Amino acid sequence: MAYEVLARKWRPQVFQDVIGQDHVTQTLMNAIKAGRLAHAYLFSGAREVGKTSVARILAKAINCAQGEPGIPCNRCHSCVEITGGSSVDVQEIDGASNRGIDEIRELRENIRYMPSSSKFRVYIIDEVHMLTLPAFNALLKTLEEPPPHVKFIFATTEPHKVPVTILSRCQKFDFKRIPLALIVKHLERITAHEGVEISKSGLALIAREAEGSMRDAQSLLDQVVSFTGPKVEDKHITDILGIIDRALLFQVSGAILEGSARKCVEIVDQIYNYGYDIREFYRSLMDQFRDLLMSLIDTEGSLLDVIDTDRGELKRQAETAGREKLHQCLSFLIQQEESLRLTSHPKLVLETILFKLCHMGEVLGFNDLITKIEALEAR
């Protein structure tokens, strides 16, 4: 039997399987149960966060012959065909390849026909923003007064490119980037089922690299396991994927806050010799100082998308440095980003920036100065 990649094998088949989009899935389930289905939906959000998967589940849920309302059985003829992509009543159309007015005219001709074996004909148009303006105009009248047996589901990563006239005729759902903790939890479930040994910190590395995309996280995990086999070490992940190790970022931020220029230069040499992209490392360093500052500002931790083990180290370094110094370091990194981006010698510029950060000296906030003055007066 041919190998099935993890992203396809673990693709959600019911609304309950969708990770991190409860605000969308719960609304759709309630709408199905109450019989309040709209004729057109627009799913927008970052890539690979579940838009097309939810569209397929919605198509199954409204056409399922055996399941409960809002919960497709995945066993009936309709569900099996939709899952396999062979249903004549549910058509997935790539907006980038079928963007002209001729394709939309053909679609308008086809929607007049009743579904062959399902309750509804469902048209899922991915990357709908790629349609031409004449194609959108041809679609307007159909969206305004569609036949009762037709449902449209549009998916896009760039909703601002969809004409307002189209948006006003759709129910719009915004898909969020999936939080790191939820991705790690889902990857833990996958690895446990697949018999893969990997640490939580290793999964966090993969989840952070995925940047809120579940499919990307699963594809990266697949890539790592293909190389290492069922036993994965953190070192393998950083080597295979070229990820900046979180421990290395803590070393750099710690060296900067300690004022150890020599240690910073040694780490830059290590990064350069290993082949890491200097500019990518710089972006990671800015994120590191942002997280350090947020660990002091956000006491509840809701703005920090990190695992618990990293949260403690962030808090320790941040409290040692203080809010004013962290703010000054982050501001300086932001100001110098363009110089690193434009230079032909990124290693030299990075060393200079880190050297300057190490010698900024102690920075005291206004409250700290008042406290020191009061202490001196008391003394």
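Located above this text is the structure these notes cover.
Here is what the cut-offs are and how they apply
Residues numbered from 1 in each chain as written. Predicted model: local features only at pLDDT ≥ 70, side-chain atom pairs only at ≥ 80, totals over all residues. Heavy atoms only, no water. Core = buried A, V, L, I, M, F, W, Y, C linked by side-chain atoms within 4.5 Å. Buried < 20%, exposed > 50% of the residue type's maximum accessible area, 1.4 Å probe, protein only. Helix = DSSP H or I, 4+ residues; strand = E, 2+ residues; numbered from the N terminus. Phe/Tyr/Trp six-rings, centres within 6.5 Å; stacked < 30°, edge-to-face > 60°. Salt bridge = Lys/Arg side-chain N within 4 Å of Asp/Glu carboxyl O. Pairing = 2+ DSSP bridges. Right-handed = clockwise from strand over helix to strand, strands pointing away. Expected span 1.5 Å × (residues − 1). Contact = heavy atoms within 4.5 Å. Axes fitted to C-alpha atoms, helices over the stretch in contact; angles between N-to-C directions. Parallel < 35°, antiparallel > 145°, perpendicular 65-115°, else oblique. Nonpolar A, V, L, I, M, F, W, Y, C, P; charged D, E, K, R; others polar.

Chemist: Sorry, what's going on with the nonpolar core here?
Modeler: Here is a general trend for soluble globular proteins: nonpolar side chains tend to be buried in one another's company. Counting residues in hydrophobic clusters, the biggest one holds 41 residues, and the most contacted among them are Ile-256, Phe-289, Leu-326, Leu-333, Leu-350, Leu-354 and Leu-357. Where this core is concerned, the elements lending two or more residues are α12 (246-258), α13 (261-274), α14 (278-297), α15 (308-321), α16 (323-342) and α17 (346-358). Of the residues forming this core, the biggest block, 10 residues, is contributed by α14.

Chemist: Help me out: how do you make sense of the packing of aromatic side chains in this one?
Modeler: The relation between two aromatic rings is expressed through the spacing of the ring centres and the mutual angle of the planes. Enumeration over the complete set of coordinates arrives at 7 aromatic pairs. Where Tyr-41 meets Phe-43, the ring centres are 6.4 Å apart and the plane angle is 45 degrees; that geometry is what we call tilted. As far as burial versus exposure is concerned, Tyr-41 and Phe-43 are alike and both buried. With 5.2 Å between their ring centres and 55 degrees between their planes, Phe-43 and Phe-175 make a pair best called tilted. Of this pair, Phe-43 sits in strand β1 (residues 40-45) while Phe-175 is found in strand β5 (residues 171-175), placing the two residues 132 residues apart along the sequence. Residues Phe-43 and Phe-175 agree in their burial class; the two are buried. The structure contains a cluster of three or more aromatic residues connected by ring pairs, namely Tyr-41, Phe-43, Phe-173 and Phe-175.

Chemist: Is there a simple way to explain the pattern of salt bridges in this structure?
Modeler: Note on pairing: side chains with opposite charge can pair once their charged atoms come close. Applying the stated criterion to the full structure yields 19 salt bridges. Salt-bridge contacts for Lys-9 lead to Glu-194; the nearest nitrogen and oxygen are separated by 2.9 Å. Here Lys-9, found in helix α1 (residues 6-9), pairs with Glu-194, found in helix α8 (residues 180-194); they are 185 residues apart in sequence, far enough to count as distant. Given the relative accessible area of 30%, Glu-194 is considered partly exposed. One salt bridge in this structure joins Lys-347 and Asp-269, with 3.0 Å as the shortest N-O distance. One end of the pair, Lys-347, is in helix α17; the other, Asp-269, is in helix α13, with 78 residues separating them in the sequence.

Chemist: Help me understand the pairing of strand β3 (residues 121-126), please; the structure alone is not making it clear to me.
Modeler: Each regular strand carries side chains that alternate between the two faces of the sheet. Buried residues dominate β3, accounting for 5 of its 6 residues. Summarising the sheet, strand β2 (residues 90-94) and β3 pair through 5 bridges and their orientation is parallel. Among the inter-strand pairings, Ile-93 is bridged to a residue of β3, identified as Ile-125. With helix α5 (residues 101-110) bridging β2 and the parallel β3, this β-α-β connection has right-handed handedness. The sheet contact formed by β3 and strand β4 (residues 150-156) spans 6 bridges and is parallel. Residue pairing across strands places Ile-124 opposite Ile-153, the latter belonging to β4. In this fold, β3 hands off to helix α6 (residues 133-144), which returns the chain to β4; that crossover is right-handed.

Chemist: Explain α17 here, please?
Modeler: It helps to recall that an α-helix has 3.6 residues per turn; residues three or four apart then point in one direction. With 13 residues, α17 extends 18 Å from end C-alpha to end C-alpha; this agrees with the ideal 18 Å at 1.5 Å per step. When α17 is considered as a whole, its buried residues turn out to be Pro-346, Lys-347, Val-349, Leu-350, Glu-351, Ile-353, Leu-354, Leu-357 and Cys-358. Buried residues belonging to α17 abut α12, α13, α14 and α16.

Chemist: For this particular structure, what's the right way to read the packing of helix α10 (residues 214-228) against helix α11 (residues 234-241)?
Modeler: Geometrically, a packed helix pair is captured by the angle between its two axes and the distance between the axes. The contact between α10 and α11 brings their axes to 10 Å, and the two run at 110 degrees. With respect to each other, α10 and α11 are oriented roughly perpendicular. Across the interface between the two elements, Leu-220, Gln-223, Val-224, Phe-227 and Thr-228 of α10 pack against His-236, Ile-237, Ile-240 and Leu-241 of α11. Among the residues making up the contact of α10 with α11, the classes are represented as 6 nonpolar, 3 polar and no charged.

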